Amino acid sequence: MRVIAIVNQKGGCGKTTTTVNLAGALAEEGHRVLVVDMDPQAHATLALGLEPDDLEANLYEVLVEPTGAGRLDSIIIDVSESIDIAPSSIVLSALEQKLASERHDARTERLSAAIEALPPLYDFVLIDCPPNVGLLTFNALRAAGEVIIPLETSFFAIDGVQKLLETIGLLSERIGHKLHVRVLPTLYDGRTRYARNTLGEIRELFKELCFDSVIRLNVKLREAAKHGVPISRFAPTAIGALDYASVAMELAAAPPEVLATIPTERRGAPDAIGAPREVVVRFKDAAAGDVRIAGDFNGWVPDRGVRSLIASEGQTRVWTKVLTLEPGTYQYRYVVDGEWREDPANPQSAPGPTGQPNSILHVR
Ligand SMILES: Nc1ncnc2c1ncn2[C@@H]1O[C@H](COP(=O)(O)OP(=O)(O)O)[C@@H](O)[C@H]1O
Ligand SMILES: [Mg+2]
């Protein structure tokens, strides 16, 4: 069971949208998902079609008494075949005061105790956090093994993120478990230079900690929330659905323990028979800002272990990707401004696990 907290003290950067639609995308791939709504505003609860005021029980009871009468499984509601939710309510905002007299550790371990007591029903637990780093967010971070920080590409300020990363680092030390943090660019409008530059900056700053997938602006995401269903159900072909499907794919392909073991550079003697050799592929485009390559050779983690060169031919930019591969047959795709694409220069392809075609590369 992977427990992932979706955190950023800034409001409106796509935390709730990410929680709900990532849950939808993971469910489409056959994973069982629990959404934990830790925001008193209950936006995730609403976006999954529930009216918080109509519910008899919510997380408040659980956090007040996690292993007693208010066990987590007693308040969970199944909203679809593979998605359950632990709903929120405005009363959650009173938790801080209610637990004021308790020790810091005792106060912040509530959610982790509740999740540990759950029967092993879920592949993923996604925790939506409020827009501040208070008691509720601390509870989420203590319960989690991984953190996703959504970052707005339409309005990006590095200071806030740095502060958040420091807080997470301090907390990791204190609780003695490492949190695997990744950032996810959201609200991306590739038509504006500002957003393209910001995306470049975010990638430069966070490198492999940045998801390759990018969540583009898509009004369907807003509409889906109003209708109380994830976009994978509301508009499965909308770009919002594709973007969250690609985040789900990245997450499932590379759990933290795998990310830690993939070598960042592979070397071999290129002249020996059967030894790894350098293979060069090229992608040309006039409009693209960011092009990466992912395949079974790098665990589908874009540009991992790949050397990249960028050049210009008139108006067209040319990305050269140098892969070091042993002889064999490989599948790959380009990720162009966050969108997964076949190689337009390669006629050979095969259907991938999600039905979309992967390009094929033979190395002899
Ligand atoms: N990719 C997107 N495209 C269009 N609208 C979005 C997108 N992501 C989020 N929104 C909208 O922006 C607003 C803030 O997003 P939300 O997920 O609620 O942020 P947070 O939970 O961080 O406060 C919501 O109205 C949401 O529907
Ligand atoms: Mg929210």
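What counts, and at which threshold
- Residues numbered from 1 in each chain as written.
- Chains lettered and ligands numbered in written order.
- Predicted model: local features only at pLDDT ≥ 70, side-chain atom pairs only at ≥ 80, totals over all residues.
- Heavy atoms only, no water.
- Disulfide = S-S within 2.5 Å.
- Pairing = 2+ DSSP bridges.
- Helix = DSSP H or I, 4+ residues; strand = E, 2+ residues; numbered from the N terminus.
- Contact = heavy atoms within 4.5 Å.
- Axes fitted to C-alpha atoms, helices over the stretch in contact; angles between N-to-C directions.
- Phe/Tyr/Trp six-rings, centres within 6.5 Å; stacked < 30°, edge-to-face > 60°.

**With respect to the state of the cysteines**
Point 1. Within this structure, the stated rule accounts for zero disulfides.
Point 2. You can see Cys13 has no disulfide; the closest cysteine sulfur is in Cys129, sitting 11 Å from it.
Point 3. No disulfide involves Cys210; its nearest neighbouring cysteine sulfur is the one of Cys13, lying 14 Å away.

**What about the sheet that holds strand S4 (residues 83-86)?**
Point 1. The seven strands lie next to each other as S3-S4-S2-S5-S1-S6-S7, forming an open sheet whose pairing is mixed. Single-partner strands in this sheet number two, and they are strand S3 (77-78) and strand S7 (180-186).
Point 2. In the sheet, strand S1 (residues 2-6) pairs with strand S6 (residues 146-152) via three bridges, with the strands oriented parallel. Counted as the bridge partner of Ile6 is Ile148 from S6.
Point 3. Of the strands in this sheet, S1, strand S5 (124-128), S6 and S7 are in contact with helix H13 (residues 239-253), which crosses S7 at around 165°.

**Here we look at the sheet that holds strand S8 (residues 277-285)**
In sheet architecture, strand pairing relies on hydrogen bonds along the backbone and comes in two forms, parallel and antiparallel.
Point 1. Sheet architecture is open: three strands sit in the order S8-S11-S10, paired in antiparallel fashion. Two strands bound the open sheet, and with one partner strand each, they are S8 and strand S10 (307-313). Recorded for the sheet is a direction-independent mean angle of 20° between the axes of neighbouring strands.

**Some words on the packing of aromatic side chains**
Point 1. According to the stated counting rule, one finds five aromatic pairs in the structure shown.
Point 2. Each ring, one from Phe283 and one from Trp319, has its centre 6.4 Å from the other, and the planes form 65°; the classification is edge-to-face. Taken together, the residues Phe283 in strand S8 and Trp319 in strand S11 (residues 316-325) connect sequence positions 36 residues apart.
Point 3. When the ring of Trp300 is compared with that of Trp340, the centres are 6.4 Å apart and the planes differ by 40°; the resulting orientation is tilted. Residue Trp300 is found in the loop between strand S9 (291-295) and S10, and its partner Trp340 is found in strand S13 (residues 339-341); the two are separated by 40 residues along the sequence.
Point 4. Joined through ring pairs, the aromatic side chains of Phe283, Trp319, Tyr332 and Tyr334 make up one cluster.

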